[in-house]
Amino acid sequence: MVSEGMSPENGVWTEDERVSSTKEIYRIKLPGPPNIGEGKPENQNHAIIFTRGEALQTIDMNQDNYMEEAFKIRNVLQEFLKNQGQRPPTILGLREHIFTGSVSSLAWFMSYQETSFVTIGQRLLANPLRVRFHYGHPDLFDRVFHLTRGGISKASKTINLSEDVFAGFNSTLRSGYITYHEYMQVGKGRDVGLNQISKFEAKVANGNSEQTLSRDIYRLGRRFDFFRMLSCYHTTIGFYFNTLISVIGIYVFLYGQLYLVLSGLEKALLLEARIHNIQSLQTALASQSFIQLGLLTGLPMVMEIGLERGFLNALKDFVLMQLQLAAVFFTFSLGTKSHYYGRTILHGGARYRPTGRKVVVFHASFTENYRLYSRSHFVKGFELLILLVVYDLFRRSYQNSMAYVLTTYSIWFMSLTWLFAPFLFNPSGFSWSNIVDDWKDWNKWIKHQGGIGIQQDKSWQSWWNDEQAHLHRSGLCSRLIEMLLSLRFFIYQYGLVYHLDISGKNKNFVVYVLSWVVIVAIFLLVKVVNLGRQLLSANHHLAFRLFKVFLFLGVLSIIITLSLICELSLKDLIVCCLGFLPTGWGLILVAQVIRPKIEDTGLWDFTQVFAKAYDYGMGVVLFAPIASSAWLPIISAFQTRFLFNEAFSRRLQIQLILARKKKQA
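About the cut-offs
Residue numbers restart at each chain and count upward from 1, following the sequence in its written direction. Confidence filtering applies because this is a predicted model: local features only for residues at pLDDT of at least 70, side-chain atom pairs given and counted only at 80 or more, and all residues used for totals across whole chains, interfaces and linings. Think of the side-chain values as coming from all heavy atoms in the structure, minus any hydrogens and water. Helical segments are the DSSP runs of H or I of at least four residues, strand segments are the runs of E of at least two, and each set is numbered from the N terminus. Note on classification: 1.4 Å probe, protein chains only; a residue is buried when its accessible area is under 20% of the maximum for its type, exposed when over 50%, partly exposed between these limits. Any two residues whose heavy atoms approach within 4.5 Å at even a single point are treated as in contact. The Shrake-Rupley method, run with a 1.4 Å probe sphere, supplies the accessible areas, and residue values consider only the shown protein chains as cover. Whenever Lys or Arg places a side-chain nitrogen within 4 Å of a carboxyl oxygen from Asp or Glu, that contact is recorded as a salt bridge. Residues grouped as a nonpolar core are buried Ala, Val, Leu, Ile, Met, Phe, Trp, Tyr and Cys residues, joined through side-chain atoms within 4.5 Å. Expected span of a helix, by definition, is 1.5 Å for each gap between consecutive residues, and there is one gap fewer than residues. This arc is built from the directions going out from the helix axis to the C-beta atoms. In this analysis, rings of Phe, Tyr and Trp, with Trp reduced to its six-membered ring, are considered paired at centre separations within 6.5 Å, and the interplanar angle assigns stacked below 30 degrees, edge-to-face beyond 60, and tilted for intermediate values. Only residues above 30% relative accessible area that lack a salt bridge enter a patch, with like-charged residues linked at up to 9 Å and the nonpolar side chains Val, Leu, Ile, Met, Phe, Trp and Tyr linked at up to 5 Å. Polar contact is defined as a pair of N or O atoms within 3.5 Å, subject to the rule that within protein one atom must be able to donate a hydrogen and the other to accept it, and that residues adjacent in sequence are counted only when both atoms are side-chain atoms. The predictor attaches a confidence to each residue, and that confidence, scored 0 to 100, is pLDDT. Between any two strands, at least two bridges found by DSSP are needed for them to pair. For helices, the fitted axis covers only the stretch in contact; all axes are lines through C-alpha atoms, and the angles between them, taken along N-to-C directions, range from 0 to 180 degrees. Any angle that is under 35 degrees is reported as roughly parallel, and any over 145 degrees as roughly antiparallel; angles of 65 to 115 degrees are reported as roughly perpendicular and all others as oblique. When the near helix sits turned anticlockwise from the far one by under a right angle, the crossing is termed left-handed; a clockwise turn instead gives a right-handed crossing. Gly counts as polar in this scheme, as do all residues outside two lists: the nonpolar Ala, Val, Leu, Ile, Met, Phe, Trp, Tyr, Cys and Pro, and the charged Asp, Glu, Lys and Arg.

### Side note on the overall build of the protein chain
Piece 1. Per the secondary structure count, the protein chain includes 29 helices and seven strands.
Piece 2. Counting over 665 residues, the protein chain shows a buried share of 48%.
Piece 3. Sequence-distant contacts in the protein chain: of pairs separated by 6 or more residues, those separated by 24 or more amount to 77%.
Piece 4. Looking at the protein chain as shown, the accessible area adds up to about 34,500 Å², and 64% of this sits on carbon and sulfur atoms.

### Let's talk about the pattern of salt bridges
Piece 1. Going through the model one piece at a time under the given rule, you end up with 16 salt bridges.
Piece 2. The closest approach of N and O atoms between Arg488 and Glu383, which form a salt bridge, is 2.8 Å. Residue Arg488 is found in helix α21 (residues 476–497), and its partner Glu383 is found in helix α16 (residues 366–395); the two are separated by 105 residues along the sequence.
Piece 3. The exposure class assigned to Arg488 is partly exposed, which follows from its relative accessible area of 27%.
Piece 4. For Glu383, a relative accessible area of 10% puts it in the buried group.
Piece 5. With a shortest N-O distance of 3.0 Å, Glu599 and Arg595 are connected by a salt bridge.
Piece 6. For Glu599, a relative accessible area of 38% gives the class partly exposed.
Piece 7. Linked through salt bridges whose partners overlap, the residues forming this network are Arg95, Arg123, Glu182, Glu304 and Glu308.

### Remarks on the nonpolar core
The tendency in soluble globular proteins is for nonpolar side chains to be buried as a group.
Piece 1. With 94 residues, the main nonpolar core has Phe329, Phe425 and Tyr492 as its most contacted residues.
Piece 2. Per-element tally for this core: the top contributor is α16, with 15 residues.
Piece 3. Setting aside residues up to four positions removed in sequence, Phe425 forms contacts with Leu106, Leu194, Gln324, Leu325, Val328, Phe329, Gln639, Phe642 and Leu643.
Piece 4. Core analysis: the second largest hydrophobic core is formed by 25 residues, Leu56, Ile91, Ile178 and Tyr341 among them.

### Re helix α14 (residues 311–323)
Piece 1. Compared with the 18 Å implied by 1.5 Å per residue over 13 residues, the 18 Å span of α14 between its first and last C-alpha is a close match.
Piece 2. Those residues of α14 lying buried are Ala314, Asp317, Phe318 and Met321. The buried residues of α14 occupy one face: seen down the axis, they fall within an arc of 100 degrees. Residues of α14 that are exposed and point over 90 degrees away from its buried face: Leu312, Lys316 and Leu323.
Piece 3. Its buried side turned inward, α14 meets α4 (105–126), α13 (299–309) and α15 (326–347).
Piece 4. A positive phi of about 65 degrees marks Leu325, the residue just after α14.

### Focus: α13
For the α-helix, the turn length of 3.6 residues means that residues three or four positions removed from each other point alike.
Piece 1. Residues Met301, Val302, Glu304, Ile305 and Gly306 constitute the buried set of α13.
Piece 2. Directly after α13, the chain includes Gly310, whose backbone phi takes a positive value near 100 degrees.

### What to know about the packing of aromatic side chains
Each aromatic ring pair is characterised by the separation of its centres together with the angle its planes make.
Piece 1. On inspection of all chains with the given rule, the structure shows 37 aromatic pairs.
Piece 2. Ring geometry for Phe490 and Trp516: centres 5.7 Å apart, planes at 50 degrees, overall tilted. Of the two residues, Phe490 is situated in helix α21 and Trp516 in helix α22 (residues 509–536); the sequence distance between them amounts to 26 residues.
Piece 3. Residue class for Phe490 comes out buried when judged on its relative accessible area of 12%.
Piece 4. You can call Trp516 partly exposed: its relative accessible area is 24%.

### Examining a nonpolar patch on the surface
Piece 1. Together, Leu542, Leu546, Val549, Phe550, Phe552, Leu553, Leu556, Ile560, Leu564 and Ile565 make up a nonpolar patch on the protein surface, roughly 1,100 Å² of accessible area in all.
Piece 2. What makes Val549 partly exposed here is its relative accessible area of 42%.

### Quick word on the side chain of Lys188
Piece 1. Position of Lys188 relative to the elements: it lies in strand β7 (residues 178–188).
Piece 2. Only 3.5 Å separates the side chain of Lys188 from the side chain of Glu96, close enough to count as a polar contact.
Piece 3. Residues contacting Lys188, with those up to four places away along its chain left out, are Asp60, Asn62, Gln63, Glu96, His97, Ile98, Phe99, Thr100, Gly136 and His137.

### Looking at the environment of Leu92
Piece 1. Examined against the element boundaries, Leu92 turns out to sit in strand β5 (residues 91–98).
Piece 2. Using a relative accessible area of 0% as the deciding quantity, one classes Leu92 as buried.
Piece 3. Distance from Leu92 to Glu79, taken between C-alpha atoms, is 7.8 Å for residues 13 residues apart in sequence.
Piece 4. The residues contacting Leu92, other than those within four sequence positions of it, are Val76, Glu79, Phe80, Asp139, Leu140, Thr179 and His181.

### Description of the confidence of the model for the protein chain
Piece 1. Counting all residues, the mean pLDDT for the protein chain is 81, and 86% of those residues have values of 70 or more.
Piece 2. Note that pLDDT drops below 50 for residues 1–17; the model gives that stretch 40 contacts with residues more than four away or on any other chain.

### So, the pairing of β7
Piece 1. β7 sits mainly inside the fold: nine of its 11 residues count as buried.
Piece 2. Where strand β4 (residues 63–64) lies against β7, two bridges are found, and the strand directions are antiparallel. Looking at β7, one finds that Gln63 is bridged to Lys188.
Piece 3. Pairing between β5 and β7: eight bridges, direction parallel. When the sheet's bridge partners are listed, Ile91 is paired in β7 with Ile178.

### Regarding the pairing of β5
Piece 1. Where burial is concerned, most of β5 is hidden: seven out of the eight residues are buried.
Piece 2. Bridge count for β5 against strand β6 (residues 140–142) is two bridges, and the pairing is antiparallel. Bridged to Ile91 within β6 is Phe141.

### So, the packing of helix α24 (residues 570–593) against helix α26 (residues 602–629)
Piece 1. Their axes nearest at 10 Å, the elements α24 and α26 cross at an angle of 135 degrees. Classed by the angle they form, the pair α24 and α26 counts as oblique. Viewed along their axes, α24 and α26 form a crossing whose handedness is left-handed. Across the interface between the two elements, Phe580, Leu581, Gly584, Trp585, Ile588, Ala591 and Gln592 from α24 touch Trp604, Thr607, Phe610, Ala611, Tyr614 and Met618 from α26.
Piece 2. Per-class residue counts for the contact of α24 with α26 are 10 nonpolar, three polar and no charged.

Set out below in structure tokens:
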């Protein structure tokens with residue numbers, strides 16, 4: 001046996017002497033830590049040598065079985081003896097039954113999504129497309145075939161994060177044949193909370209980005225015929241790549257619309273169309289608004305439910321899912337997939353994200369939600385929201401509101417979904433007692449000093465440093481692309497400053513330079529306030545408050561003076577805020593990319609101060625409407641109802657369960 005107290009670099013074999021101590025027989029020095037790859041595939045490839053027989057079934061920890069299904073195993077094993085075309089199968093795919101769908105509305109959405117994938121989806125993948133692989137389901141492997149071809153999993157660190165699908169790649173590349181059979185099923189529990197689901201989808205998106213870079217996909221693409229190649233692409237990495245392109249297309253569309261407005265080109269086109277009575281041009285401009293809102297994601301579910309339970313029941317369930325905000329959930333998931341797939345493609349560094357896979361009904365704190373979704377959803381949601389507001393400000397003089405609504409309604413929906421979906425799907429998210437606790441926890445997290453050994457859930461500084469971990473592995477090309485992407489904020493600012501009333505329609509480059517002078521002045525002001533807080537707030541509270549009052553009065557006097565002398569308008573102040581905030585964020589992104597060059601200088605401390613200010617500001621803007629909604633008890637009751645509608649139909653006391661969870665915490 002292996003001693004529990006052995007060092008990670010030595011294997012110690014001992015013998016039971018029927019006494020309290022053990023006797024060492026011999027010692028083998030290992031070349032390093034025994035776990036050099038991903039944990040699960042390492043364990044699978046290690047355990048396969050202890051198995052017997054000709055077939056091997058893989059069962060995950062979150063899977064179950066049923067007595068009546070176990071009687072069918074003899075029939076399933078006979079499938080190995082049947083030739084599928086020219087050879088017998090090497091992997092037998094089985095169906096899954098998701099038994100966690102009744103926990104909450106999110107669990108219901110995931111249950112139907114998974115059900116459609118393991119039934120109508122895999123049925124199509126296996127036949128006629130012949131591109132079904134292994135997806136971590138209770139598949140049966142030809143043990144002898146895989147034992148002589150590298151095992152049932154690939155375990156290399158990072159690249160084989162989604163280890164299951166590589167078993168299917170390996171089997172197909174080595175002339176194996178994968179089938180799918182629905183007459184036997186195994187129970188499975190899916191994630192039931194939004195944070196669990198998002199972590200799982202982030203892990204899958206990371207795994208697909210690594211598959212995109214792997215030699216396995218390259219070899220499959222080269223050796224498949226044309227139709228199998230396209231089928232393989234669209235059912236593996238193609239789905240995530242198309243999702244990324246869809247989100248990038250939204251950014252290109254919005255920045256393109258903003259360019260047309262700020263350059264005056266859209267106004268000229270529409271006025272020309274009105275003069276010549278051309279209605280099709282305005283219709284064409286308004287028709288560009290269609291994007292996937294998460295409704296199309298539900299169509300495979302409708303088809304499968306219709307086949308199994310009738311299309312009337314499928315239609316009822318689909319309508320009920322939309323009333324329970326299924327479109328919000330799937331649109332939010334769109335952002336999760338695109339963010340983690342794109343970031344891993346650019347910088348690498350995919351890693352396993354444990355979700356727990358528990359039946360969870362509890363309230364997640366505001367701080368936890370912010371840490372998890374800040375960079376993947378909140379920042380992007382705020383950017384889209386600012387672009388929509390600026391576009392609305394400058395198109396009002398010549399475009400009717402209906403055309404604007406038709407053009408941008410779907411992007412408004414997506415940006416608001418990315419900002420507030422985590423709080424809508426958070427149990428007891430609008431309970432006033434939880435709101436108060438979340439605010440205290442948020443302020444404590446923001447102000448706590450980070451450092452070595454401080455976890456990211458305890459300090460903003462530790463979390464912020466951990467969020468930049470992907471940049472540590474980036475090469476020169478990835479850093480240059482990151483900086484090029486950040487240039488959009490500076491080009492956006494360049495377009496806005498020439499439309500200020502204070503500029504007097506002056507197109508001189510000096511106007512743009514003066515806008516940077518204002519940005520530098522704002523940065524210095526924030527730095528002065530931070531220094532004052534460090535020097536005075538601890539022992540001289542009154543002096544620090546007077547110092548902030550004088551600064552406020554000074555800034556106010558400058559604004560009043562400019563409004564009287566230079567005709568600074570209220571619209572100018574709004575446009576300046578909407579223009580300079582993205583510019584500051586762009587500077588922070590550039591500073592993070594060139595961190596190795598400036599980390600030992602004062603610029604890095606400067607960057608950290610402004611990054612904390614931005615995160616605190618975004619947190620306050622998100623928290624304000626949530627706290628305001630908590631004053632209305634009907635909001636909390638409505639949220640609990642749509643989250644746990646299935647439980648209400650079974651007369652479960654959800655409020656008592658949530659209260660008990662909070663008391664235990």
